[in-house]
Amino acid sequence: MKLAADWFDGRQARAQPARVSQADRELVIELDDRQIRHPMAAITWPERTRNGSRILRLPDGSSLHAHEDDAWHRLAAAAGIGDSWIVRLQQSTTGILVALTLLLATGAGLYLWGVPALSSAVVHLVPHAVDERVGQMAIESIEADMFSPSETPPARQQAIAQALALLVARGFGPGEAPGYALAFRASPLGANAFALPGGQIIVTDDMVRLAGDDTEMLLGVLAHEIGHVRRRHGMQLLTRSVLITAITGIAMGDLSSLVASAPLLLGQLGYSRDHEREADEDAIELLLANGISPAVMARFFERVIASRGDEAASSASGFESLLSSHPPSQERIERFEAAAR
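Throughout this document, residue positions are counted from 1 along each chain, in the order its sequence is written. Reporting of local features is limited, given that this is a predicted model, to residues whose pLDDT is at least 70; pairs of side-chain atoms are given and counted only at 80 or more, and all residues count toward the totals for whole chains, interfaces and linings. Excluded from the side-chain calculations are hydrogens and water; all other atoms, namely the structure's heavy atoms, are used.

Side note on the sheet that holds strand 4 (residues 35–39)
Note on sheets: strands pair through backbone hydrogen bonds, and any given pair is parallel or antiparallel.
At step 1: Within the open sheet, the 6 strands sit side by side as 4-3-2-1-6-5. Their pairing is antiparallel. The open sheet has two edge strands, strand 4 and strand 5 (55–57), and neither has a second partner. Across the sheet, the mean angle from the axis of one strand to that of its neighbour is 30°, orientation sign disregarded.
At step 2: Should DSSP find at least two bridges between two strands, the strands are regarded as paired. The way it works is that DSSP assigns letters per residue, a run of H or I at least four long becomes a helix, a run of E at least two long becomes a strand, and they are numbered from the N terminus. Both strand 1 (residues 3–8) and strand 2 (residues 16–23) contribute to a ladder of 5 bridges, which runs antiparallel. Note that in strand 2 the partner of Leu3 across the bridge is Val20. Only C-alpha atoms enter the line fits that serve as axes; for helices the fit covers just the stretch in contact. Angles between N-to-C directions range over 0 to 180 degrees.

Some words on the sheet that holds strand 7 (residues 148–149)
At step 1: Pairing is mixed across the open sheet formed by 4 strands, whose spatial order is 7-8-10-9. Both outer strands of the open sheet, strand 7 and strand 9 (193–195), are each paired with one neighbouring strand and no more.
At step 2: As paired elements, strand 9 and strand 10 (residues 200–204) share 3 bridges and run antiparallel to each other. Residue pairing for strand 10: Phe194 is matched across the bridge by Ile202.

Thoughts on the pairing of strand 3 (residues 26–30)
At step 1: Summary of the burial criterion: residues with accessible area below 20% of their type's maximum are buried, those above 50% are exposed, and those between are partly exposed, where the area comes from a 1.4 Å probe applied to protein chains only. Of all the 5 residues making up strand 3, 4 are buried; the element is thus mostly covered by neighbouring parts of the structure.
At step 2: Sheet analysis places strand 2 next to strand 3, joined by 5 bridges and oriented antiparallel. The residue bridging Ser21 from the neighbouring strand is Val28, located in strand 3.
At step 3: Between strand 2 and strand 3, which pair antiparallel in sequence order, lie 2 residues; one of them, Asp24, sits at a positive phi of approximately 50°.
At step 4: Where strand 3 and strand 4 come together, 5 bridges link them in antiparallel fashion. Its bridge partner being in strand 4, Glu30 is matched across the sheet by Gln35.

Observations concerning the nonpolar core
At step 1: The biggest cluster of nonpolar side chains holds 36 residues, and the ones touching the most others in it are Met207 and Phe300.
At step 2: Contributions of two or more residues to this core are made by helix 5 (154–171), strand 9, strand 10, helix 6 (205–211), helix 7 (215–231), helix 9 (257–289), helix 10 (295–308) and helix 12 (329–340).
At step 3: When residues of this core are assigned to their parent elements, the largest contribution, 8 residues, is made by helix 7.
At step 4: In terms of nonpolar packing, the next biggest core, distinct from the first, is built from 20 residues, Val20, Trp45, Ala66 and Trp72 among them. The definition of a nonpolar core used throughout is a set of buried Ala, Val, Leu, Ile, Met, Phe, Trp, Tyr and Cys residues joined through side-chain atoms within 4.5 Å.

Below, the structure is given as structure tokens:
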């Protein structure tokens, strides 16, 4: 059996027509003016594919380009050269489906358990000074666009700050309290509060107005943010985002930034929900340690729902906001009411 191919000598781009066969464990290449032979054992046979021609690299630096892939495959088979199990898997529809299923399962496992576990381990190795620097960079990048000086009276700010300091002092043992810095800002974000890496907690004027004279309710909100600070959720989220971006880049290659950022955004949403549940539990413990009923947080969410609607209450602000990417408000109300009982 002979098949048609193009032979390139490896020195010039012009191809010569050739007829290729195998005999006596040798590959025989018949050109118009001569015949070339190579031992079959010295040739690295190219993988079989569904589409496209195969290129055979020869020991002397020349190469053969086959016109018919099936004929090329039959020639290799006649010489006793078979496909590897990987190639057979690639040629099988069932094999492709199985491989795709395993890939998706591996990706899901990595997303659900691998990335969180790795990011948590990495964060434990990162000095707290890095958190502070990241938080400072974040606040500097949004200060001019998102915030303006607070209009909350200084006396009210001081009273809230003192109440929070007392709450933290009573809720933690010596040396256990996380470092934090409380700041008040006017902002178009509305009634909001969030903790940045490094311990900076931002409270908007609208949040203070929403709480009104109910200082305990506002302390419940701030206790939630203290939970974020204590668990370094900001740095965990940043680390997980970096890991997801890196894994996406390795898996997808050089694709558009939109495609690469989609898993990142999904990862931020899912992981933030986990963080919020953890911070809620910390808030419950801190409130109970201070003799404050966790029902104050249920009252807060009911007030938010009444004033803005549940959809608005769960809108995202882009940070570890009390109202961004959270579990449903009703679920949280039930959790705080159960803790109060």
